[in-house]
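# Survey of secondary and tertiary structure
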Amino acid sequence: MDFSRVYITGCDCTGKSTIAQGITDATGIPITKFSKPETYEGDALDRAEFERLASSQEDCILDRAWNGRYAYEGILDQMSNVLPLHRILEYSVELSKEFTDNGGTIIMTHASHKSILRRLHDRGDDFIKPYQIYDIIERYKHIHKAYLNAGVPFYFVDTSHL
């Protein structure tokens, strides 16, 4: 497996940043975060930059992806409702297909509800409330199904045991 073009996506506290750091340590390719597309602050990718990377063959390690918008939109108060929910999912599938067509690898992380709650507690995170986890995990299941239906290849990594 080639790790020169990869994006890692999944619910909070499922090991995305840990996996991204491991790939960076092995390849020397820096991590670019796509965590707050509505703010474009710091090293967060904006939509145009994500589109550019998806259509290129440039080496990149992306921590999160546009499909996170689908998973969190309407569940967390601070999301901006930039597009209708179904369109966010369609757009994510389109970008992901383009990314893989251009040599990219997608890694989707998952962990059990119990593991996610433990990790949220351990890191003192209040970004996600415990009652929101179930809905977010269900949204990621929709993403998995949409990718499978569209023929978008991805690796699924369950990090519950870590």
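It should be noted that the structure appears before, not after, this text.
Residues numbered from 1 in each chain as written. Predicted model: local features only at pLDDT ≥ 70, side-chain atom pairs only at ≥ 80, totals over all residues. Heavy atoms only, no water.

### Some words on the pairing of strand 3 (residues 60-63)
Neither face of strand 3 is left uncovered, since the one carrying Cys60 and Leu62 and the one carrying Ile61 and Asp63 both have all their residues buried. As paired elements, strand 1 (residues 5-10) and strand 3 share four bridges and run parallel to each other. The residue of strand 3 that forms the bridge with Val6 is Ile61. (Buried < 20%, exposed > 50% of the residue type's maximum accessible area, 1.4 Å probe, protein only. Helix = DSSP H or I, 4+ residues; strand = E, 2+ residues; numbered from the N terminus. Pairing = 2+ DSSP bridges.)

### Observations regarding the sheet that holds strand 3
On the basis of which strands lie adjacent, the open sheet formed by five strands has the order 2-3-1-4-5 and parallel pairing. Each edge of the open sheet carries a strand with a single partner, namely strand 2 (31-33) and strand 5 (155-158). Strand-to-strand twist across the sheet, computed as the mean angle between neighbouring axes with direction ignored, equals 25 degrees. Bridge count for strand 4 (residues 105-110) against strand 5 is four bridges, and the pairing is parallel. Residue pairing across strands places Met108 opposite Phe156, the latter belonging to strand 5. The sheet strands contacting helix 6 (residues 133-150) are strand 1, strand 4 and strand 5, and the helix crosses strand 4 at an angle near 150 degrees. (Axes fitted to C-alpha atoms, helices over the stretch in contact; angles between N-to-C directions. Contact = heavy atoms within 4.5 Å.)

### Digging into the pattern of salt bridges
Under the definition given, this model contains ten salt bridges. Among the ionic pairs, Asp63 bridges to Lys33, the shortest N-O distance being 2.8 Å. A residue pair is termed long-range when its members are at least 10 positions apart, and Asp63 in strand 3 and Lys33 in strand 2 qualify at 30 residues. Accessibility expressed as a relative area gives 3% for Asp63, which makes it buried. For Lys33, a relative accessible area of 30% translates into the label partly exposed. A salt bridge links Asp101 to Lys97; the shortest N-O distance between them is 3.3 Å. On the criterion of helical spacing, the pair formed by Asp101 and Lys97 is a turn pair, its members being four residues apart in helix 4 (residues 85-101). A residue is classified by how much of its surface remains accessible, and Asp101, at 54% relative accessible area, is exposed. Several salt bridges share partner residues, and in doing so they unite Asp12, Arg64 and Arg123 into one network. (Salt bridge = Lys/Arg side-chain N within 4 Å of Asp/Glu carboxyl O.)

### Some details on empty space enclosed by the protein
Take a probe with the size of a water molecule and roll it over the atoms, and the empty space left behind shows itself. Per the stated rule, a full pass over the model turns up one cavity of 30 Å³ or more. In this model, the largest cavity occupies a volume close to 40 Å³. Cys11, Thr14, Thr109, His110, Ala111, Ile116, Ile137, Tyr140 and His144 together form the lining of the largest cavity. Mapped by element, the contributors of at least two residues to the lining of the largest cavity are strand 4 and helix 6. Top element by residues in the lining of the largest cavity is helix 6. It accounts for three residues. (1 Å grid on protein atoms, 1.4 Å probe; cavity = no way out; pocket = protein on both sides within 12 Å on 5 of 7 lines; lining within 4 Å. Points joined across faces, edges and corners; volume = space filled by probe spheres on them.)

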